[in-house]
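Topology and contacts: notes
Single-letter residue listing:
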Amino acid sequence: MTLKELQTQYSLITPATAGAFIKAIHAAKNDSQIKSQDLIACIDSIIRDFQDEGRRICLQSPDLSAADRETITCHGKIIAAYVLLSHASRYTSETRAKTLLFLEYASSIVRSSYDFVKTATAVVCYPITATGLDWKAVQDAQSLDMLCYKMISGIRFDRSRGEIFQYTDRGKAVCKDGVLSVFSADVGEAGARAFTLYGGSVEVVTRNSRDEKLRSSCQRDAAAVGEFAHTFLKAQLSFVKAKPAKREYSSGDIVDIVVTSGDEKSLYCKILDFDDPIGGLMVNEELIRGTTTEDIIPYLFAGDVIRGAKLIMDEDGVRFSIREPYCAYALSAARLDDKEDTVFEAKVTHIREDIGRINWITPRGYGAVSYPVEGETLRVGDIHVMSIYNIQTNGSATYINICPPKMGYDTIDIPFDDSDDGKDGILEGFVATQEDVLKERTTAGPEQQSGSAETLRALASIIANRAAFQPSMERYESLLAALFLRTVSGETDPEKKLEKAAYLLRMKLTFAQGHEVPATHPYVYTGDDANLLALLSESTRPDGTLMGTVSSLPGGTQTRQIGELLLGLWLSAEHCDELKAVPEVIRERVCGLLGVQDEYRMCGTDRTGKYGQAETHDVEFKSSYVFRNDGGGADIDRQGRGEVFQAVCGFLNAEGGTLYLGVNDAGMPIRSKEYGLQADMDWLSANYQTVNAVRLRQLGHPTMKADTLDHYVLFLNDEKAIYFKESLLGNITIEVTEDADAIRITARPSEYEIAYLYADATHQDGAAFVRDGGRTVPMSRLQKERRLTSLKRISKEMGFVVTIQEAIDQHRKLVFRDYASGNSGKVKDRFVVPVKLFYNDENVYCFDLESRTYKQFRLKRISSIDMEVDNPVYTLPLTAPKGVDVFRWLDEGGRRYHVKLRMGVSAKNYLLEEYSCAEKLPKEELYPEKKDQWILDTHVNGLGAVRRFYLGLADKIEILDTEDSDVLKEEIRQFVAENISGR
């Protein structure tokens, strides 16, 4: 078949012949006479020619005709075939775009509640490694439902290679880590989250919640969400791209930085921003395993721009982390060298004799690690020929392992030029020039802009189409999110279909929530929609017109049924003696017909405050940290310690809870400048010198000036360190609320100790409090005794684990005080360097500094542990043992013995109880032979422990034949002869 014949077959396609057309595409793929690129281009042109019509049809969802459904189904199958073609040809960008288009088409007609939105956001963020589809499924599919199920359940992504999609026109849309964020302007990083959808896959973020007067959508109030949407959309439409607002930076922002100055240990950088070029030092950190920031500083120069750095703003000042962009670059460059079997020269940066590793810097600038090179004695600064061995990621750690070329080499593909001139090119692929970055910011090509806008429109279409599967309030918010996305993309809709659909749903929710529906509306509706709006508005203002409106409706329709119910509601109110009807029952039935029964509220019910209706056992409202509740003026000790942190102490000693600061008794944020958070910040700023002087004596360091909400939170974190022990600070989280109108203090219950509130940082003579309903009261003796019985206990050994693990991580020496040895029978101090915890943290490998050998110690036999004063890092002189066998004997490189024992139940039980790692043996090493007999078939590092195990239960154990069974039996005979027979 030729491509021309394939196009002819498409021109005659019908739902019945769609499968045959897919089969023809598959045959053309396998035809050696047809180039895969030509076939892909042919199918791509078919898809593109239909794309505008396809989008028009999708916009009609869910009111599609049968013919439109069939058309979308046919083209959905063609797109699925294209996805298979492009994925096989490794056209990653085309696979991504067409997968998104398939999800858009399918979302408009497939009524199953698959998670389209989560899949779509992941498609935008990550490379697709498996599509979830196959040719047979695409050929045989009668509908798109099964194809959607296969794709959504089977699609796989390389989540280690996350990408950031960002588009700015009217506002901004960012897709990162599988989350799509919609901002009202391109400075949204400093904004506040208004609401999230689809399990957190979509979030709407305001530029500035106070400027836009966002009233919390967590009230689930249609009027509040509607007002917010109006302001959000207005901000988008008024956004002038040529003159953006000055950006407000906050910690955690992703920024482009330019190197300005530095030395061999540190670099000073500034944000590439002409309006507000914030500057700070580059963080010295491990970038990938074995490579730190200091290792690449020699190859960074003034004027170099690093894209995607993370801004850190805290009490230590402004700093920049380049770990994430460097990791992404290093992995990309290393994968290229691995794919092309590149032979390159690398330079030694560190030699880690303690762990037997060498760290390198490669000519592309990415760091790597290797084992010592066989036959070579390397020093720091040496250059050696290497190639990629493998690339590994383990959680957040990235390993690029290199080795000498496995198959030898004829030429060196990339030499390592460490001269002054050659250093410029070592990080060439990682850094950029200021001119290039600024050019990218201002000149995005038409094709790139168009493709990005298409991505946004597809995401908006999917979000809107899947709204039908959500509760009514989330459905409304989904329509708004889709509208915001379309506005960002610059798409115009003369008919305002999405706006009208969202507003109509808002009016239904308004009725369900007991609010008055207005008589006039900003959009023109026709047909059933116009009649429905008239009914809802007239039902709340009965003036005789309702009866005329109902009588004009065609019979048998849902709108007529709603009208008759509302008319009955009005008539029963007008003639209450003759007609008996329960108004709320009728309203609830109407809400059911409207599809918003889940938001039904009785008229006249109290609305809860933004952060709750009243104080409860686990919720507390406090208006101020500074000003007394009784009007007695500023008293930071009485109010802050005596009210705010006293309640927090009560939560710690109960089941936990949340305190909202800056909130009145009704649960609403205080917006007045004379009271609440703003008054607190004004007072703390005006009296900063006095407050700081006091806190400096108590804390030993200055406290933060609380002139912004973020600084106020840092100030409160210092305050909690005064009033609570260090062990409890992690249980208390202080943060600004999502809408930046209150401060939330969350307390998790104390699990290991009773929480005491202290008067100062000496932490003496504290008092314990507990919650009693909505009050905080002192803890009685009986309550303390009961609380103690419910607390968790930390054993002495568990306390040792923390100290030992820190010493292992830092290569430090320890002293095991009064260690009772089972071998020597002596009790004395042991000076050791711990290497590894094992056996469920019951034992620890250590290098014994006295005997200069590796030994294992049981934590139960240690009286206490001390870390030596001025303890330096200790480099181990010998290679540590590799591991232990089931009887805890070390593998020191000697002979291993094969033992096979048949055990009775008591012997098997003793094995599992005495040697805890026996439970983790593979099934082929420990298995039941009969109901009451078990076989232990394993290798051991010595026979002494096996001998002791056998002699203790000789009548319950049988030694079975192995190549080493005679050796074991002889070991037992000699031990008996020497220690028992001769006595």
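Please refer to the structure higher up on the page.
As a starting point, this report considers the structure included with it. (Residues numbered from 1 in each chain as written. Predicted model: local features only at pLDDT ≥ 70, side-chain atom pairs only at ≥ 80, totals over all residues. Heavy atoms only, no water.)

**Some thoughts on the overall build of the chain**
- The helix and strand inventory of the chain stands at 29 helices and 34 strands.
- Overall, the chain is about 115 × 90 × 75 Å in size when its C-alpha atoms are taken along their principal axes.
- Sorting the 983 residues of the chain into buried and exposed places 47% on the buried side.
- Sequence-distant contacts, at least 24 apart, represent 64% of the contacts inside the chain between residues at least 6 apart.
- Carbon together with sulfur atoms contributes 48% to the accessible area of the chain, which is approximately 48200 Å² in total.
- Here the chain contributes 119 positive and 146 negative side-chain charges, whose respective centroids are spaced 3 Å apart. (Helix = DSSP H or I, 4+ residues; strand = E, 2+ residues; numbered from the N terminus. Buried < 20%, exposed > 50% of the residue type's maximum accessible area, 1.4 Å probe, protein only. Contact = heavy atoms within 4.5 Å. Areas by Shrake-Rupley, 256 points an atom, 1.4 Å probe, with all protein chains shown as cover. Lys, Arg positive; Asp, Glu negative; His and termini not counted. Charge placed at Lys NZ, Arg CZ, Asp CG, Glu CD.)

**Topic: the sheet that holds strand β22 (residues 732–736)**
- Strand order in the open sheet made by the 4 strands is β20-β21-β23-β22, with mixed pairing throughout. Pairing within the sheet leaves two strands with one partner each, and these edge strands are β20 (619–622) and β22. Neighbour-to-neighbour, the strand axes of this sheet turn through a mean angle of 15°, independent of strand direction.
- Summarising the sheet, strand β21 (residues 657–661) and strand β23 (residues 743–747) pair through 5 bridges and their orientation is antiparallel. Looking across to β23, one finds that Y660 is bridged to R744.
- Strand contacts of helix α20 (residues 636–652): β20, β21, β22 and β23, with the helix running at about 165° to β21, the strand carrying the most contacts.
- Taken strand by strand, helix α23 (residues 709–723) contacts β21, β22 and β23, and its axis lies near 165° from that of β22. (Pairing = 2+ DSSP bridges. Axes fitted to C-alpha atoms, helices over the stretch in contact; angles between N-to-C directions.)

**Some remarks on the nonpolar core**
- Counting residues in each nonpolar core, the largest one holds 126 residues, and the members touching the most others are I25, I43, F102, L103, L147 and L485.
- Excluding anything up to four places from it in sequence, L103 contacts F116, T119, A120, V123, M151, I152 and I462.
- By size, the runner-up hydrophobic cluster in this structure holds 45 residues, among which are L287, I288, I296 and Y366. (Core = buried A, V, L, I, M, F, W, Y, C linked by side-chain atoms within 4.5 Å.)

**Quick notes on the side chain of R947**
- Following the sequence through the fold, R947 ends up in helix α28 (residues 944–952).
- On the basis of relative accessible area, R947 is assigned to the buried category, the value being 12%.

**Comments concerning the sheet that holds strand β32 (residues 926–930)**
- Taking strand neighbours across the sheet as the criterion, the 4 strands line up as β32-β33-β31-β34 in an open arrangement whose pairing is antiparallel. Each having just a single partner strand, β32 and β34 (957–959) make up the two edges of the open sheet. Strand after strand, the sheet turns through a mean of 30° between neighbouring axes, direction not considered.
- When β32 meets strand β33 (residues 933–940), the two strands line up antiparallel, connected through 4 bridges. When the sheet's bridge partners are listed, Y927 is paired in β33 with I935.

**Observations concerning helix α8 (residues 144–154)**
- Buried residues of α8: L144, L147, C148, M151 and I152, and no others. Buried residues of α8, seen end-on, are gathered within an arc of 120° and therefore sit on one face of the element.
- A distance of 3.3 Å separates the backbone nitrogen of D145 from a side-chain oxygen at the start of α8, and that oxygen is part of S143. (Arc of directions from axis to C-beta. Polar contact = N/O pair within 3.5 Å; in protein donor to acceptor, adjacent residues only side chain to side chain.)

**Structural notes on the packing of helix α14 (residues 472–488) against helix α15 (residues 497–512)**
- Running from N to C, α14 and α15 point in directions that differ by 155°, and their axes come no closer than 9 Å. Our classification of the angle between α14 and α15 gives roughly antiparallel. Relative to α15, the crossing made by α14 is left-handed. From α14, S472, M473, R475, Y476, L479, L480, A482, L483 and R486 reach across to α15, where they touch L498, E499, A501, A502, L505, R506 and L509. (Parallel < 35°, antiparallel > 145°, perpendicular 65-115°, else oblique. Left-handed = near helix turned anticlockwise from the far one by under 90°.)

**A look at the environment of R895**
- Structurally, the position occupied by R895 is in the loop between β30 (864–867) and β31 (897–903).
- For R895, a relative accessible area of 47% corresponds to the partly exposed category.
- Residues R895 and D134, spaced 761 residues apart in sequence, show a C-alpha to C-alpha distance of 53 Å.
- If near-sequence neighbours (up to four positions away) are discounted, R895 is found in contact with V940, N941, D964 and V967.
- At 2.5 Å, the side chain of R895 and the side chain of D964 are in polar contact.

**Topic: unusual backbone geometry**
- Although it is not a glycine, D177 sits at a positive phi angle of roughly 55°.
- Structurally, D177 is set in the loop between β4 (171–176) and β5 (179–183).
- Although it is not a glycine, K496 adopts a positive phi angle of roughly 50°.
- Within the secondary structure, K496 sits in the loop between α14 and α15.
- Overall, K496 belongs to the partly exposed group, its relative accessible area being 36%.

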